[in-house]
Amino acid sequence: MISFSRRQFGKSVAAAAATAYAGSSLSGLALAQPQPAALHYPKGFLWGCATAAYQIEGGAQADGRGPSVWDTFSHTPGKTYHGETGDVADDSYHLYKEDVQLLKALGVSTYRMSLSWSRIFPEGRGAFNPKGLDYYDRVIDELLANHITPYVTFFHWDLPQALPGGWQNRDTSKAFADYAAFVSKRLGDRVQHFMTTNEFVCFTDLGYRYGQFAPGMKLPDAEANQVRHHGILAHGLGVQAIRANTPAATQVGLAENATVFVPVMETDAHIQAAQKAMRVGNAPFLTALMEGKYIDEYLAQEGANAPKVEPGDMQAIGSPLDFVGLNIYTPTYVRADDSPLGFAVEPNPSSYPHMYSPWLTLGPECIYWGVRNVCDLWKPKGIYITENGTSSDDVLTPAGRVEDVDRVMYLRNHLTQLHRAVDEDYPVKGYFLWSLMDNFEWADGYSKRFGIHYVDFKTLKRTPKLSAEWYRNVIAQNRVE
Ligand code: GBH
């Protein structure tokens, strides 16, 4: 039997096939390729884990921290599962050294964390709380001492409660830029990778239009669209602020959960439809950032409810980025049709497989199509998967084990599909697994566990799950199998 090297196998067979089919209606068909047993990732590929401040830190009132909208929301009866809050969470505020050791034992080279804005500026602006920033100094120094590179997100939904009007107020975007300027200047000697915001749709639409996230409002469309605009404006002003206050080599991006449109089948027409859907379906957020404008389709769709834009806004929003971070969990299938937009979203039948969270439908090829669509549309300099992972009905056995085979299945399949993107030379630089440990899952409280370490929320003891052992092997071998 003739043996092929991995790259010959992947590339030459695909190239030959592409040539053979060129010009025919099958030219866009991605041919099924025999999969070798082990999928190697390139040397230098970054493996990491991700968390967010309000979900892990606790210490809600420690050392002068001010409340965020998530403190208020979670303390409002009926808003979160069993009224659970982030008051204690994983108490990473005190146990961060232990958490860095969990990272070290995994062998990750990077850790994505976020900052609690109201720990540093308890009122969102104005008076600085040095003890709040001291905490992040300690965490970052501990990471660096353990050879783990911090990737820092400025805003993962925990808006300081004191900012009047929250994201309804345009001044909040400016307050965000001031906060990012101050903090990036202080951390920029040790942190080279910053992300402005995490997942626009969650802190804008889910907070202000649909109400299931903080601050729990249900505004009419025009006002909710304005909230979206202030969110992306904060990002844009934040990029400018970080660049102005850090060394030239600092890398600036964001973490965004763009809706990922996956072609129902890999033919030219459906692939084109998925790409169009990706651009139109993400028009208020990622598309606006990448193109520095609201595209016609969005403006037409919103009509009189379209956001009010001031001079200079779109230029800031379109500020060039060093990388785009994609949080990818789940696919949205799409097909070509002859409607004016040229595509139609496929509804999932109720029998569609999903993970332990109802929204988390299973389709690992979303991680490949997320990368491919974003790169083909906008050619970003670099891509990170800033989140990927799943909830699971984890049970700690008396023997102290958590056999989360479903999470291992989920991760293995996503990393297999991500490898396809890497192998096709899309500029994917790293992968952050969500999450290092079980934590406060927002409106779901502690009822949905996303960690690869189990947390006993009474004792705060962390226990590696089977998935942690599996991920440690992936990292050690730099390959998925
Ligand atoms: C990410 O959001 C977040 O960045 C992270 O903080 C979170 O812990 C993680 O995923 C796991 O959820 O209320 O039923 O309509 C992922 C995208 C968008 C998924 C909001 C849940 C709400 C579902 N999330 N969505 S529902």
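Presented here is a report on the structure given in the accompanying data block. (Residues numbered from 1 in each chain as written. Predicted model: local features only at pLDDT ≥ 70, side-chain atom pairs only at ≥ 80, totals over all residues. Heavy atoms only, no water.)

**Some words on the pattern of salt bridges**
The line we're drawing: Here a salt bridge means any side-chain nitrogen of Lys or Arg lying within 4 Å of a carboxyl oxygen belonging to Asp or Glu. Numbering of helices and strands starts at the N terminus; helices are DSSP runs of H or I of at least 4 residues and strands are runs of E of at least 2.
Taken as a whole, this structure holds 27 salt bridges when the rule is applied. Taking the shortest distance from any N to any O, the salt bridge between aspartate 313 and arginine 170 comes out at 2.9 Å. Of this pair, aspartate 313 sits in helix α14 (residues 313-317) while arginine 170 sits in the loop between β4 (149-155) and α7 (171-187); the two residues are 143 residues apart in sequence, bridging distant segments of the chain. For arginine 335, the salt bridge is made with glutamate 346, and the minimal N-O distance between the two is 3.2 Å. With arginine 335 in strand β9 (residues 332-336) and glutamate 346 in the loop between β10 (343-345) and α15 (365-378), this pair connects stretches of sequence that are 11 residues apart.

**Regarding the site of the ligand**
Cut-off, in case you're wondering: The nearness test applies per residue and asks whether one of its heavy atoms lies within 4 Å of the molecule or strand. Side-chain atoms alone can form a polar contact between residues adjacent in sequence; in general such a contact is a pair of N or O atoms within 3.5 Å, and within protein one must be able to donate a hydrogen while the other accepts it. Surface exposure here means Shrake-Rupley accessible area, sampled with a 1.4 Å probe, where a residue is shielded only by the protein chains that are shown. With a 1 Å grid laid over protein atoms only, a set of points is called a cavity when a 1.4 Å probe fits there but cannot get out and a pocket when it is open yet has protein on both sides within 12 Å along at least five of seven lines; lining residues have an atom within 4 Å of a point. Grid points define the cavity or pocket, and a molecule sits in it when more than half of its atoms lie within 2 Å of them. Amino acids are sorted into nonpolar (Ala, Val, Leu, Ile, Met, Phe, Trp, Tyr, Cys and Pro), charged (Asp, Glu, Lys and Arg) and polar (every other residue, Gly among them).
Near the ligand lie 17 residues; those nearest to it are Gln55, His156, Glu199, Glu441 and Trp442. At 3.1 Å from an oxygen atom of the ligand is found a side-chain nitrogen or oxygen belonging to tyrosine 329. At 2.8 Å, a side-chain N or O of tryptophan 442 approaches an oxygen atom of the ligand. Surface burial for the ligand is 78%, taken as the share of its 570 Å² of free accessible area covered by protein chains. The cavity where the ligand resides is the largest pocket. Residues of the shell around the ligand, tallied by class, amount to 8 nonpolar, 6 polar and 3 charged.

**Describing the sheet that holds strand β3 (residues 110-114)**
As a reminder of what qualifies: Any two strands with at least two DSSP bridges between them are considered paired. The convention used is that axes are lines fitted to C-alpha atoms, helices contributing only their stretch in contact, and that angles between N-to-C directions extend from 0 to 180 degrees. Any two residues having at least one pair of non-hydrogen atoms within 4.5 Å are treated as being in contact.
The strand order β2-β3-β4-β5-β6-β8-β11-β12 describes a closed barrel built from 8 strands, whose pairing is parallel. Taking the axes of each pair of neighbouring strands and ignoring which way they run, one obtains an average angle of 25° across the sheet. Across 2 bridges, the pairing between strand β6 (residues 251-256) and strand β8 (residues 324-327) is parallel. If you follow glutamate 256 over to β8, its bridge partner there is leucine 326. Of the strands in this sheet, β4, β5 (193-198) and β6 are in contact with helix α10 (residues 221-245), which crosses β5 at around 165°. In this fold α15 packs onto β8, β11 (383-387) and β12 (428-434), with an angle of close to 140° to the strand it touches most, β11.

**Things to note about helix α4 (residues 92-106)**
This is how the line gets drawn: Expected helix span is taken as 1.5 Å per residue step, with the number of steps being one fewer than the number of residues. The bend reported for a residue corresponds to the angle between axes fitted to the seven residues ending at that residue and the seven starting there. We call a residue buried when its accessible area falls under 20% of the maximum for its residue type, exposed when it is over 50%, and partly exposed in between, using a 1.4 Å probe and counting protein chains only.
With 15 residues, α4 ought to run about 21 Å at 1.5 Å a step, yet its terminal C-alpha atoms sit only 18 Å apart, falling short of that. At glutamate 98, α4 shows its maximal kink, close to 40°. Buried within α4 are the following residues: Ser92, Tyr93, Tyr96, Asp99, Val100, Leu102, Leu103 and Leu106. Of the residues one or two after α4, glycine 107 is the one with positive phi, at around 85°.

**Topic: the packing of aromatic side chains**
For clarity, the cut-off: Note on aromatic pairs: the rings of Phe, Tyr and Trp (six-membered ring only in Trp) are paired at centre separations within 6.5 Å, and the planes decide the class, stacked below 30 degrees, edge-to-face beyond 60, tilted for the rest. In this scheme, the term charge over a ring applies when either NZ of a lysine or CZ of an arginine sits within 6 Å of the ring centre and within 35 degrees of the ring normal.
Taken as a whole and judged by the stated rule, the model has 46 aromatic pairs. When the centroid spacing of 4.5 Å and the interplanar angle of 40° are considered together, the rings of tyrosine 93 and tyrosine 135 count as tilted. Residue tyrosine 93 is located in helix α4, and its partner tyrosine 135 is located in helix α6 (residues 130-145); the two are separated by 42 residues in the primary sequence. When sorted by exposure, tyrosine 93 lands in the same class as tyrosine 135, which is buried. The lysine or arginine in question, arginine 420, covers the ring of tyrosine 368, its NZ or CZ lying 3.8 Å from the ring centre. Across from the ring centre of tyrosine 356, 4.6 Å away, lies the NZ or CZ of lysine 448, which sits over that ring.

**Brief notes about empty space enclosed by the protein**
Cut-off, in case you're wondering: Grid points are joined across faces, edges and corners, and a volume is the space filled by probe spheres set on the points.
On inspection of all chains with the given rule, the structure shows 3 cavities of 30 Å³ or more. By volume, the largest cavity amounts to about 110 Å³. Lining the largest cavity are 16 residues, and of these Ile56, Ser92, Tyr111, Tyr135 and Val139 lie nearest its centre. Taken together, the elements giving at least two residues each to the lining of the largest cavity come down to α2 (53-56), α4, β3 and α6. Take the lining of the largest cavity: its biggest share by element is 5 residues, from α4.

**Some words on the nonpolar core**
Quick reminder of the rule: Grouping buried Ala, Val, Leu, Ile, Met, Phe, Trp, Tyr and Cys residues that are joined through side-chain atoms within 4.5 Å yields what is termed a nonpolar core.
In this structure, Trp70, Leu115, Trp117, Trp167, Leu418, Tyr431 and Tyr471 are the most contacted members of the largest nonpolar core, which totals 141 residues. Aside from chain neighbours lying at most four places away, what touches tyrosine 471 is Trp47, Gly48, Cys49, Val108, Tyr431, Leu433 and Ile452.

**Let's talk about the sheet that holds β9**
Ordered in space as β7-β9-β10, the 3 strands form an open sheet in which the pairing is mixed. Whereas interior strands pair on both sides, the edge strands pair on one side only; in this sheet they are β7 (261-263) and β10. On average, each strand axis in the sheet is tilted by 40° relative to the strand beside it, whichever way the strands run. Direction of pairing for β7 relative to β9: parallel, over a ladder of 3 bridges. Looking at the pairing, proline 263 lines up with valine 334 of β9. The sheet strands contacting α15 are β7 and β9, and the helix crosses β7 at an angle near 105°.

**Here we look at the side chain of histidine 230**
By secondary structure assignment, the location of histidine 230 is in helix α10. Given a relative accessible area of 3%, histidine 230 falls into the buried group. Excluding residues within four positions of it along the chain, histidine 230 makes contact with Trp167, Gln168, Asn169, Arg170 and Ser173.

**Thoughts on the packing of α4 against α6**
Keep this limit in mind: In what follows, roughly perpendicular refers to angles from 65 to 115 degrees, roughly parallel to angles under 35, roughly antiparallel to angles over 145, and oblique to any angle outside these ranges. Take the far helix as the reference: if the near one is turned anticlockwise from it by less than a right angle, the crossing is left-handed, and if turned clockwise, right-handed.
Interaxial distance between α4 and α6 falls to 10 Å at its minimum, and their mutual angle equals 15°. Taken together, the axis directions place α4 and α6 in an arrangement best described as roughly parallel. In terms of crossing hand, the pair formed by α4 and α6 is right-handed. Two secondary-structure elements touch here, α4 through Ser92, Tyr93, Tyr96, Lys97, Val100, Gln101 and Leu103 and α6 through Lys131, Tyr135, Arg138, Val139, Glu142 and Leu143. Residues that form the contact of α4 with α6 fall into these classes: 7 nonpolar, 2 polar and 4 charged.

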